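Examining the three-dimensional arrangement
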Amino acid sequence: MSLWRLYYHIIWTTKQRLPLIMSNKESELHNYIIGKSDALNCIVHGIGGMEDHIHLVVSIPPTIAIADFVKKIKGSSSYYFNQNIPATSDKFSWQEGYGVFSLGSKQLEQAVTYVKNQKIHHSQGTTNSHLENM
């Protein structure tokens, strides 16, 4: 494939929307997801979220189905989190399913800004209801 420009905004939640992504573990989880995406030849443009969900703006090549990408990221990150990050009382796992929205190149910067500022949007009540109410 010689040229592709595909942008997606993907959201998924923790199991039962439990607040499992603690601030002291968030960076390591995000870095793992970025690294795994890189290994799949995907480009993470932005990552962010709250204690109970994650947002990812990513380019996925047309050789990988979106469902396969999400399955690999969710499965491997859950395993990594449980094996390598100090345990809490709750086992870490993701809820089944996800939300995905396609983006045009003109929407990319706005989506990345939204994702990177999740905590601000949630604290100020400026979240996008289409993205947050899955």
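Here the structure is a predicted model, which means the values were calculated and not measured.

A few points about the pairing of strand 1 (residues 7–13)
Counting buried positions along strand 1 gives 7 out of 7 residues, so the element sits mostly inside the fold. What you see with strand 1 is no split at all: Tyr7, His9, Ile11 and Thr13 on one side and Tyr8, Ile10 and Trp12 on the other are buried throughout. Bridge count between strand 1 and strand 4 (residues 99–103): 5 bridges; the pairing is antiparallel. Residue isoleucine 10 lies in a different strand from strand 4, and its bridge partner there is valine 100. In this structure, strand 1 lies alongside strand 3 (residues 53–59), joined through 6 bridges in antiparallel fashion. For tryptophan 12, the partnering residue across the bridge sits in strand 3 and is isoleucine 54.

Overview of the packing of helix 1 (residues 23–39) against helix 2 (residues 66–84)
The geometry of helix 1 relative to helix 2 is characterised by a closest axis approach of 10 Å and an angle of 140° between their N-to-C directions. Put simply, helix 1 runs oblique to helix 2. The element helix 1 and its partner helix 2 pack so that their crossing is right-handed. Each of Lys25, Glu28, Leu29, Tyr32, Ile33, Lys36 and Ser37 in helix 1 lies in contact with helix 2, whose residues at this interface are Phe69, Lys72, Ile73, Ser76, Ser77, Tyr80, Phe81 and Asn84. Counted by class, the contact of helix 1 with helix 2 contains 7 nonpolar, 4 polar and 4 charged residues.

Examining the nonpolar core
Ile10, Trp12, Leu56, Val58 and Phe69 are the most contacted members of the largest nonpolar core, which totals 22 residues. Of all the secondary structure elements, the ones that give two or more residues to this core are strand 1, helix 1, strand 2 (43–50), strand 3 and helix 2. When neighbours within four sequence positions are excluded, valine 58 is seen to be in contact with Leu6, Tyr7, Tyr8, Ile10, Cys42, Ile43, Val44, His45 and Phe69. Among the nonpolar cores identified, the runner-up in size contains 7 residues, and Tyr7, Val57, Val112 and Val115 belong to it.

What counts as what
Residues numbered from 1 in each chain as written. Predicted model: local features only at pLDDT ≥ 70, side-chain atom pairs only at ≥ 80, totals over all residues. Heavy atoms only, no water. Buried < 20%, exposed > 50% of the residue type's maximum accessible area, 1.4 Å probe, protein only. Helix = DSSP H or I, 4+ residues; strand = E, 2+ residues; numbered from the N terminus. Pairing = 2+ DSSP bridges. Axes fitted to C-alpha atoms, helices over the stretch in contact; angles between N-to-C directions. Parallel < 35°, antiparallel > 145°, perpendicular 65-115°, else oblique. Left-handed = near helix turned anticlockwise from the far one by under 90°. Contact = heavy atoms within 4.5 Å. Nonpolar A, V, L, I, M, F, W, Y, C, P; charged D, E, K, R; others polar. Core = buried A, V, L, I, M, F, W, Y, C linked by side-chain atoms within 4.5 Å.

That is the geometry; function is a separate question.
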